[in-house]
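# Chains, contacts and geometry: an overview
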Amino acid sequence: MDKHLPIAVIGAGPVGLAAAAHLLERGLEPIIFEAGACAGAAIEQWRHIRLFSPWRFNLDAAAVRLLEPTGWESPRPTALPYGGELIDNYLTPLAELPTIASRLQTGARVTAVTRAGLDKTHVRDRDTTPLMVRVEYATGEVRDHTVSAVVDASGTWATRNPLGTSGLPAIGEDRAADRISSPLPDVSGRDRDSFAGRRALVVGAGHSAANTLINLADLAKSNPETKILWTIRGASAEKVYGGGDADGLPARGQLGSRLRRLVESGTIELHTGFGIAALKNLDSGLTVESADGRTLETDVVVPCTGFRPDLDMLRELRLRLDPAVEAPTELGPLIDPEFHSCGTVPPHGAKVLAHPEKDFYIVGMKSYGRAPTFLLATGYEQVRSVAAALAGDQVAADAVHLELPETGVCSSDAGTSCDVPVTASKQVAETGCCVAPEPAFIGYPTGLVHGRSGL
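Quantities reported herein were computed from a predicted structural model and do not represent experimental measurements. (Residues numbered from 1 in each chain as written. Predicted model: local features only at pLDDT ≥ 70, side-chain atom pairs only at ≥ 80, totals over all residues. Heavy atoms only, no water.)

## Topic: the sheet that holds strand S11 (residues 268-271)
The strand order across the open sheet built from four strands is S11-S10-S9-S15, with neighbouring strands paired in parallel fashion. Strands at the two margins of the open sheet, each flanked by one partner only, are S11 and strand S15 (300-303). The mean inter-strand angle of the sheet, taken between neighbouring strand axes irrespective of direction, is 20°. Strand direction decides the pairing type here: strand S9 (residues 199-203) and S15, joined by four bridges, are parallel. Bridging from a neighbouring strand, Val203 pairs with Pro303 of S15. The sheet contacts of helix H6 (residues 207-222) involve S9, strand S10 (227-231), S11 and S15, and relative to S10 the element is tilted by about 165°. (Pairing = 2+ DSSP bridges. Helix = DSSP H or I, 4+ residues; strand = E, 2+ residues; numbered from the N terminus. Axes fitted to C-alpha atoms, helices over the stretch in contact; angles between N-to-C directions. Contact = heavy atoms within 4.5 Å.)

Written as C-alpha cells, this is what we have:
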C-alpha cells in the first residue's frame, strides 16, 4: 500500500466516521465521500425513530478520543437516543472537527471503484497498482480519485429489497414507485399528509413494520378515515408480536403486545400468507395482488422488506462473496440469518473481511450483505481492526477485542433484527430498558427470529 496516497472511506455514517477516526490515530490519511448533504444522511431519514439501546453503546472509542479535547460532552450513557440525536449530538460534532471536516466531501456519490488503469481481468502488478474511486458530485462534476486503499462503509439504506417474492420486484412495482413510501416514514410528522385519512398498506414482519403500524394507529385516532392494512408472507404474526412481558428488552416486548392488541381490535387489518405478485395503478389508488390471487386496494405502500448491498459500484473489483447473503466469504456463514442471531455472531476483523482485492474492505451494515443481524458495536470493531491492518499492525488487527453477549437482543425466540430502532413514546421511555446490557444496534429492522425477514 502506498502510504503517500489517501485511503478512501465511502460513507459518513457512524461506521464510516469511526473508520476515519481510527485511520487518523494510525497516522493514515482518510478522504471521506458522503453521497448525502451531511454526515449521517441516511439516519436523517429516520431521525424520528428512537433506538432500543443506550448511548453508552452508540459511541466509537476513537471518535470519542477525537471529540473529548474539544469540550464535547458525552450524552447521558443510559439515555436512549433518537436517530436525530445520534446525528445532532454525535455525528455532526464529529464531522465538524477540523481533522474530519477537512477530509470530508459531502454531495459526493461514489459510482465505481477499480484499479487505476486495470479492469478486473488484469492480474499483473494488480496488488501494487493504486485503487481508483470515481465520484459524482452534486454539482454534476465527475472526478476520479487515486487512493491507496478503500473502506466501503456506504451501508444499504439506498437499496431496499423489492416488494415481490423470489427476490424480484413485483410486476408493476417500478411503475408504482410514486405510491411507495420510504421504509421508515414519519407518519405523524414529516410524512403525515401522505397517510392521514388514506389507506396505507404496510408490507413486512419486522420491527420496522411494527413501528409504522403503531404510528399509523396513533394517526388514525385523530384521523379516523385512515385505514391500516398489513400483509406478511408467513401464516402467522406470532413471531412479530414477540415475548410480551417476558421479553428481555421491555420496550420491544411492549411494541409486540401493543401491535397484537391493535390487530385483535380490528384497528389493523392483517392479511397473512400474502406474497405480493403484482401492483397496478388505478385512478383511485393502487391494487396489490398476492400470488394466490387475492387483491387489496390502497393509496400508499410502506415497504418494510429489508435491504441489500449495492454491488454494482464494485463490479471491477475482485470480490469473494458468500453466495447466500452477499457478505465476504468468511463472514457469510457466521452471520447467515437462517442459523445466527446478532448475539451468536463471533467478533471479527480485517482477516474475515478481506477480499482477493488487496487493501479493499467492506465494513458496517454493507459487510453483512442481506443479513439483518448487524450490530453497530461490531462495525466499530471491524474498522478498528481494518485500520490496524492498513497501518501494517497485523497483531492489533488480529486481536479482536469485542465480546458480544450470546443472550443478545436477537438470540431469543422473540428476537428480530439486531438493528431495531423503536418509535419513541412516553410509554417506551419509561420501561427502563436503557439499563439492558446490550451493545448498540442501529439501522433498519426487518427480521424475525435470527434476523430472517418474514415479510
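## Some remarks on the sheet that holds strand S5 (residues 108-115)
Strand pairs in the sheet, formed through backbone hydrogen bonds, run parallel or antiparallel to each other. One open sheet holds the three strands; their spatial order is S5-S6-S7, and the pairing between them is antiparallel. With one partner strand each, in any of the chains shown, S5 and strand S7 (142-147) form the two edges of the open sheet. Strand after strand, the sheet turns through a mean of 25° between neighbouring axes, direction not considered. Pairing between strand S6 (residues 131-137) and S7: six bridges, direction antiparallel. Across the sheet, the residue bridging to Val133 is His145, located in S7.

## Notes on helix H1 (residues 14-25)
For an α-helix, the turn length of 3.6 residues means that residues three or four places apart are oriented alike. In this model, H1 (12 residues) spans 17 Å end to end at C-alpha, consistent with the 16 Å of a helix rising 1.5 Å per residue. The buried count for H1 comes to 11 of 12 residues, which makes it a mostly enclosed element. What H1 keeps buried is the set Pro14, Val15, Gly16, Leu17, Ala18, Ala19, Ala20, Ala21, His22, Leu23 and Leu24. (Expected span 1.5 Å × (residues − 1). Buried < 20%, exposed > 50% of the residue type's maximum accessible area, 1.4 Å probe, protein only.)

## Here we look at the pattern of salt bridges
The full count for this structure, using the stated rule, is 23 salt bridges. Between Asp299 and Arg199 there is a salt bridge, and its shortest N-O distance comes to 2.9 Å. Of this pair, Asp299 sits in the loop between strand S14 (295-298) and S15 while Arg199 sits in strand S9; the two residues are 100 residues apart in sequence, bridging distant segments of the chain. Residue class for Asp299 comes out buried when judged on its relative accessible area of 12%. Put simply, Glu44, Arg47 and Asp88 are held in one network by salt bridges that share partners. (Salt bridge = Lys/Arg side-chain N within 4 Å of Asp/Glu carboxyl O.)

## Quick notes on the packing of H1 against helix H11 (residues 376-390)
Taken N-terminus to C-terminus, the directions of H1 and H11 make an angle of 30°; their axes are 9 Å apart at the nearest point. Between H1 and H11, the angle falls in the class roughly parallel. The chirality of how H1 crosses H11 is right-handed. On H11, the residues touching Pro14, Val15, Ala18, Ala19, His22 and Leu23 of H1 are Leu376, Gly379, Tyr380, Val383, Arg384, Ala387 and Leu390. In the contact of H1 with H11, the residues fall into 10 nonpolar, two polar and one charged. (Parallel < 35°, antiparallel > 145°, perpendicular 65-115°, else oblique. Left-handed = near helix turned anticlockwise from the far one by under 90°. Nonpolar A, V, L, I, M, F, W, Y, C, P; charged D, E, K, R; others polar.)

## Quick word on the nonpolar core
Grouped together as the largest cluster of nonpolar side chains are 64 residues, with contacts concentrated most on Leu17, Tyr90, Val363 and Leu390. The next biggest cluster of nonpolar side chains, apart from the first, holds 27 residues, and it includes Leu213, Ala217, Ile232 and Ala237. (Core = buried A, V, L, I, M, F, W, Y, C linked by side-chain atoms within 4.5 Å.)

## Quick word on the packing of aromatic side chains
The tally for this structure, following the rule as stated, stands at two aromatic pairs. An angle of 20° between the planes, with centres 5.7 Å apart, marks the rings of Trp157 and Phe307 as stacked. One end of the pair, Trp157, is in the loop between strand S8 (149-152) and S9; the other, Phe307, is in the loop between S15 and helix H9 (332-335), and 150 residues separate them in sequence. Each ring, one from Tyr368 and one from Phe374, has its centre 5.3 Å from the other, and the planes form 80°; the classification is edge-to-face. Exposure remark for Tyr368: the relative accessible area of 0% places this residue in the buried category. (Phe/Tyr/Trp six-rings, centres within 6.5 Å; stacked < 30°, edge-to-face > 60°.)

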